[in-house]
Structures are given as structure tokens and as C-alpha cells.
Amino acid sequence: MKNFKLIIALVIVASLASCGDKRSPQIQYMPDMYESTPYDTDAENGLNGNPVNRKPVAGTIPIGGHPAYDIADTNEGYEKAKADLKNPLERNEANLANGKAMYTIYCTSCHGKKGDGNGHLSKTEKFLGIPNYKDRDLTEGSIYHVLMHGKNLMGSHSSQLTYKERWQIVQYVEVLRADLLK
Amino acid sequence: MKSVALHNRLTSLLFKSITFLLLFAFTITSNAQDVDEARHKEGRKLFKSQCASCHKLDKKLIGPKLGGVESRRENDWLKSWIKNNAALRASGDADAIAIYEEYNGSVMTAFPALTDQNIDDILYYTTVGEIKKVAEVKLEGTSTDGATGGGAPSWVIMILAAAIIVAFIMIASLLKQVNELKGNKKPEVQSNLKRDLQELWVGIQKNTFLHVLFVIFALLMSAYVVFGTLFSVGVDQGYQPVQPIVFSHKIHAGDNKIDCQYCHSSAKHSKHSGIPSVNVCMNCHKSIAEVADNTVVVLEDRTLEKAELDKEIAKVYRAAGWDADKLEYTGDTKPIKWVRIHNLPDFVYFNHSQHVTVAGVQCQKCHGPVEEMEEMYQHSPLTMGWCIDCHRQTDVDLKGNEYYAKIHEQLAKKYGVEKVTAAQLGGLECGKCHY
């Protein structure tokens, strides 16, 4: 019988040890209070078996939103944006400050703090040939167009930034470019 | 059979040595060709800074591959194309128009600033290619070590070890019993120490005080275990599920210094920090199809090297529907089913933007040193006590917030402090988070 006790002890130790398994979540007391009845953001089980995240219905604008950017991602579109598109924001401290903050998050990795193309990823040769802003003929329209659609190896950053933030970045990039051209 | 095996081995040895010799000869010839180091260096520098954003030497990127381009085009044509390709196309040059059409009319930037000498240096670099300092000769035999690296998971080994120990103990006691049944009596004379221990044990068994002490101890222990178990219900600190793609935050946020919010971009405006959609991955991985040569991801149970990591990037391509050879989207997308780690219960409200944008709290404060994590895990307990502790300690930055200036002043007066904590601002009220 002594062995029997030993086996029981071993089983208990083993079961306690398996509770510390970090690959599976802990048990939940009353899971219906943890798991949301409404759809969770990013969940896979949305309407009709589709993931919850869907693209907005074409042609709709959210409240407080702006009409979709309709200049096409073509050479003609680029020229059109370059010539016609104007920044709707007024140039002031607040806009520039947030433009700088957003630029630091989304652009510095490649374009560098000063916009000279010497970002961390450029220095470590992960991305090569990032142009210096002063070497390119940029207008506020063309900067915005490239932010929306991307250009060559640069991808579109429209999903990560709001309408206002994009124009604030445009403002800040123009300031950087003016500094580089000095 | 033996002679055949020997023969096979001899042949393969012969083949290997021939290959080796050939490789050796090749490296010698490639080294023997005179490389003008200065020109090569200059050309490489120019290529990396001006051309590499769209061209690679060995494969197509945005534009065609440029390795050995001199053998395919005339030098003069290349010069006029590089300096101003639009003008060349306008002049009606058939080749120029053809290549423009082939790449769907993506315009190459004009480089009027490059001199003829610059262009010659670049072309020289494209012809010579990268100079490898160390000729890497790898024999076939060496590549098979990786295959045996898998092994059984550790828990199987643990269970097996436990079973073996139990079996040993059982066998030992059985042998002892058999021995006794056979009539082999225990030796009469026991050592002094053993007899003393036996007497001590008898004494302990008869002592009531010790019995009481033991019961109290057992009760305390079991209470500790029970409460410990109860308090861990629903607390997932340290939870580290296996994700569908081995994504290393250490490489992305640590080594490459990409800002957290570059990918988790909704943290600044929304309740959720958001899991990036694959288009965000593709912003970089469109051109990065392979990890750098010496990249290693060390997980607890396995180590991934370049070959395995490249397959992980291929998973991103599959999700995005990106054809890495043709460099275009196929439209056949498959969402990546990431496993959620941080999950607050439905009965508590938490908002990322309030903490990230309004309070300016660093991501690491709650999520821990993510930039050092090869594999993501939950750093904080995410319990209510943990929230409250932080609210009690965190001073609210009251500067530059004119809208609330008056109420901030009143609060500071009420509590007799200069700096108001999040708790004093209402960070302890039940209804702020539970409603």
C-alpha cells in the first residue's frame, strides 16, 4: 500500500505542475462574463461567418469622416495630385507638433529624423536607396498621394493614419524639406 | 552487398572531391579576375543609395534585375536612359518604350545629377557583383544535422522519467517482499543509527502535541494551495500561446527599432490597440522576402534559423496573396488567425487611447519588455488590484490642459496636494470601468 500512496502523491504533483502550463489559458470562473456576446474586434466569427473586420461599404462615409480619396494610383493620378491637391489644414504649431509625432512613428525608420533618407533601416541596409527629400520635386499634393498609395517599394500608409494625421505629416515633411534645401 | 556499399561510397567521395576541386578552381578564377576595388566601392555606394530602392542585382524588384546589365544593353543607351529615361522614350527609342510597357508604365526617376563616370562605376559594380570575402564551400553532408533537431516535447520526457522512477520503486519493494517470503530474514543486528531512528519515529507517533502541530501545518498548507489556485482563476500572467507565425518582437521592435504604433496603429485613437492587418506587414515585407543571413530566433523549445524563418515570411505572403516570384497580388487572401493573449473580461472597460494618447503611458509599462521578447507573452496580471495600484501611483500631467484647468485646481486644493493622481481624478470609481 505504501507504493499506492507514492503513486497518488506523484499524480498530484504532476497535475499541479501541468496547471503552470503557459501555452494554454487559465480556467475562467463563469466564462460568459469573460467572453463577449457582441462581436469582438478582430474576431474571426463575424456576420455570415466572415471575420469581424470588414471594409466599409463602398461609397459610405463615417460620421465626421471625409470622402474617400479618389485620385487613382497611376502616373497621371500622381501628376494630378501633385498639381491640384491642396492641404486643407492651416499651418500652425499644434498641427506641426502632431505631424512630427506621427512622422517619428511612421516615417523615421526609413526616411530618417531629418528626411535625408538615413533612417535606422536604411543605415542597417534593410532598405536601400531611400531618397533624400531635397533630391525630389515634391508638393503637398504629391506627398499626400504617395502616403495614400505608396510608391515603388514604399507601401500605402493610409490604413495606419487618419485623414488629419496624413495632412499633418505632409505639413511636417514640407518643413523638413525646406530645412534640407537650405 | 558490402562491396556495393563500399563502391557507392567511393563513387560519392570521388564526386564530392571533383565538385570541391571545381568549386575551388572557380573561386580561384573569380578571384583572379582583377577587381578595381576603388571603382567597385564607389559603384556599390552609388548603387545602394540611388538604385537599390527599385533594383536588385540578382532578381526583379520594382524594376528589372541589373546584374550583368552591360552585356544586355549598349553603354550609351544605358547612360541616356539613366540620365533621363522620359526624354529617351519621347525620342521614340523602341527599346526604351518596350521596357516602359513591360513594367506597366512605372516611371523610373531621372538622374541628371549622375556623371558619366558615376554611371560607369555603377555599371562596373553591376557587372562584377558582390565580392565575397570568404568562399563558402559547403559539402552536402553538413546540411543534414538540422533534421534531427526536433526531438520529443519535454512533457513526454518528464512523464517517461516519472514512470521509470515509479517502476523502479515498485520493483525494488517487490524484490524485498519476495526475499522476505523466501525466508531470508532480515539481519539480526541493525546498525545503531537505524535503531535510534526507529525509536524516534515511535516516539513521534505517540506525541499528541506533534499531532496537533502537524494538523495545523497541513491545514495551513492546504489553505495556501486552495487560495493560490482560486486567485489564479482567470489570471493569465505569463500566458504564451503558440502563434500561427513565429513573429519575433525582438527583431521588429528591438533590432529594427520599429515603433510599436507603426503596426498597432489604432492604439492612439481606439479602445483596441489592434492587430495589424497584413497590408501593414507587406509595407516592409514586399521587399524583404528573406531574413538576414545570421538571423536566429531562439524559442524555449526550439531554435529557428534562416531556412525556417524564411518560411515564416512565406506564410505572410500566403495570407496577403502575394506572389513573390511575379511580384504581384493574386487576390487570394487568407486571414492569419493570431491567438489573442491579452484579454480583459467583458465586464470591464479599458481604453487604449486614453492611456496611450491622453496619459502618454509607455506601452512597456503594461506589456513589459516587448522589444526583447522573441515570443510574445502576457507580462502583467491584468487584475483589478494591478490597475488600481497604478492609478494610485500615477500623477496626472495637468500642464497645457486649459479646458480642465479649473477642476484640476479644485481637486488639488481638496486633496491638499500639488500633483493629482489618476485615482484622485476618479480612477477608483467603480462606474469608470464597470458599467
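Here the structure is a predicted model, which is why all the values come from computation and not from measurement.

What counts, and at which threshold
- Residues numbered from 1 in each chain as written.
- Chains lettered and ligands numbered in written order.
- Predicted model: local features only at pLDDT ≥ 70, side-chain atom pairs only at ≥ 80, totals over all residues.
- Helix = DSSP H or I, 4+ residues; strand = E, 2+ residues; numbered from the N terminus.
- Contact = placed C-beta atoms within 7 Å.
- Rg over C-alpha atoms; globule rule 2.2 N^0.38 Å.
- Buried ≥ 20, exposed ≤ 12 C-beta atoms within 10 Å, placed from the backbone.
- Core = buried A, V, L, I, M, F, W, Y, C linked by C-beta atoms within 7 Å.
- Axes fitted to C-alpha atoms, helices over the stretch in contact; angles between N-to-C directions.
- Parallel < 35°, antiparallel > 145°, perpendicular 65-115°, else oblique.
- Left-handed = near helix turned anticlockwise from the far one by under 90°.
- Nonpolar A, V, L, I, M, F, W, Y, C, P; charged D, E, K, R; others polar.
- pLDDT = per-residue confidence, 0-100.
- Expected span 1.5 Å × (residues − 1).

### A look at the overall build of chain B
Consideration 1: Looking only at helices and strands, chain B features 19 helices and four strands.
Consideration 2: Contacts spanning at least 24 positions in sequence make up 64% of the contacts within chain B whose residues lie at least 6 apart.

### Quick notes on the overall build of chain A
Consideration 1: From N to C terminus, chain A includes seven helices and zero strands.
Consideration 2: The N-to-C order of helical and strand elements in chain A reads α-α-α-α-α-α-α.
Consideration 3: Taking 2.2 N^0.38 as the reference for a compact globule, 182 residues should give roughly 16 Å; the C-alpha atoms of chain A span a radius of gyration of 26 Å, well beyond that estimate.
Consideration 4: In terms of principal-axis extent, the alpha carbons of chain A reach across some 90 × 40 × 35 Å.
Consideration 5: Within chain A, the proportion of its 182 residues that are buried is 25%.
Consideration 6: In chain A, the proportion of contacts linking residues at least 24 apart, taken out of those at least 6 apart, comes to 61%.

### A short note on the nonpolar core
Consideration 1: By size, the foremost hydrophobic cluster in this structure holds 47 residues, and its most contacted members are Tyr103, Ile169 and Val173 of chain A.
Consideration 2: At the level of secondary structure, the elements contributing two or more residues to this core comprise helix H3 (93–106), helix H6 (140–149) and helix H7 (163–181) of chain A together with helix H2 (37–51), helix H3 (75–83), helix H6 (116–128), helix H11 (260–263) and helix H12 (278–285) of chain B.
Consideration 3: Looking at this core element by element, the count peaks at six residues for H7 of chain A.

### Concerning the packing of helix H2 (residues 75–84) of chain A against H6 of chain A
Residue and element names in this part refer to chain A.
Consideration 1: At a minimum axis distance of 6 Å, the contact between H2 and H6 shows a crossing angle of 135 degrees. Classified by the interaxial angle, the pair formed by H2 and H6 is oblique. With respect to the hand of their crossing, H2 and H6 are arranged in right-handed fashion. Two secondary-structure elements touch here, H2 through Gly77, Tyr78, Ala81, Lys82, Ala83 and Asp84 and H6 through Gly141, Ser142, Tyr144 and His145.
Consideration 2: A per-class count over the contact of H2 with H6 returns four nonpolar, four polar and two charged.

### Regarding the interface of chain B and chain A
Consideration 1: Across the boundary between the two partners, chain B contributes 48 residues, which contact 35 residues of chain A.
Consideration 2: Listing elements by their share of the side of chain B that touches chain A, those giving two or more residues are H2, helix H7 (154–181), H11 and H12 of chain B.
Consideration 3: No other element matches H7 of chain B, which puts five residues into the side of chain B that touches chain A.
Consideration 4: For the side of chain B that touches chain A, the residue count by class is 24 nonpolar, 17 polar and seven charged.

### Remarks on the environment of valine 233 of chain B
Consideration 1: Looking at the secondary structure, you find valine 233 of chain B in the loop between helix H9 (208–231) and helix H10 (249–255).
Consideration 2: Residue classification places valine 233 of chain B among the exposed positions, given that 11 C-beta atoms sit within 10 Å.
Consideration 3: Discounting chain neighbours no more than four positions away, the residues touching valine 233 of chain B are Gln26, Ile27, Gln28 and Tyr29 of chain A.

### Re unusual backbone geometry
Consideration 1: The backbone of methionine 30 of chain A sits at a positive phi, close to 55 degrees, despite the residue not being glycine.
Consideration 2: Residue position: methionine 30 of chain A is located in the loop between helix H1 (2–19) and H2.
Consideration 3: For lysine 257 of chain B, which is not glycine, the phi torsion reads 50 degrees and is therefore positive.
Consideration 4: Counting through the fold element by element, lysine 257 of chain B comes out in the loop between H10 and H11.

### Quick look at the packing of H3 of chain A against H7 of chain A
Pairs of packed helices are described in terms of their axes, by the angle between the two and the distance that separates them.
Residue and element names in this part refer to chain A.
Consideration 1: At a minimum axis separation of 7 Å, H3 and H7 run at an interaxial angle of 90 degrees. Here H3 lies roughly perpendicular to H7, going by the angle between them. The segment H3 lies against H7, with Asn95, Leu96, Asn98, Gly99, Lys100, Met102 and Tyr103 engaging Glu165, Gln168, Ile169, Gln171, Tyr172, Val173 and Val175.
Consideration 2: The residue makeup of the contact of H3 with H7, split by class, is seven nonpolar, five polar and two charged.

### Here's the deal with the environment of tyrosine 163 of chain A
Residue and element names in this part refer to chain A.
Consideration 1: Relative to the assigned elements, tyrosine 163 resides in helix H7.
Consideration 2: For tyrosine 163, a count of 16 C-beta atoms within 10 Å translates into the label partly exposed.
Consideration 3: When the C-alpha atoms of tyrosine 163 and methionine 148 are compared, they prove to be 9.7 Å apart, with 15 residues separating the residues in sequence.

### Here we look at the confidence of the model for chain B
All names here are of chain B.
Consideration 1: Taken as a whole, chain B shows an average pLDDT of 80; of its residues, 85% reach a score of 70 or greater.
Consideration 2: The weakest mean pLDDT in chain B belongs to helix H1 (residues 2–32) at 48; the strongest belongs to H11 at 94.
Consideration 3: Scored below 50 in pLDDT, residues 1–7 makes zero contacts in the model with residues more than four places away or belonging to other chains.
Consideration 4: This stretch, residues 134–151, has a pLDDT under 50; its non-local contacts, to residues over four places away or in other chains, come to five contacts.

### Section: H9 of chain B
Consideration 1: In this model, H9 of chain B (24 residues) spans 35 Å end to end at C-alpha, consistent with the 34 Å of a helix rising 1.5 Å per residue.
Consideration 2: Within H9 of chain B, only zero of the 24 residues are buried, leaving the element largely exposed.

### Notes on the environment of aspartate 32 of chain A
Consideration 1: Examined against the element boundaries, aspartate 32 of chain A turns out to sit in the loop between H1 and H2.
Consideration 2: A C-alpha to C-alpha distance of 45 Å links aspartate 32 of chain A and leucine 121 of chain A, two positions 89 residues apart in sequence.

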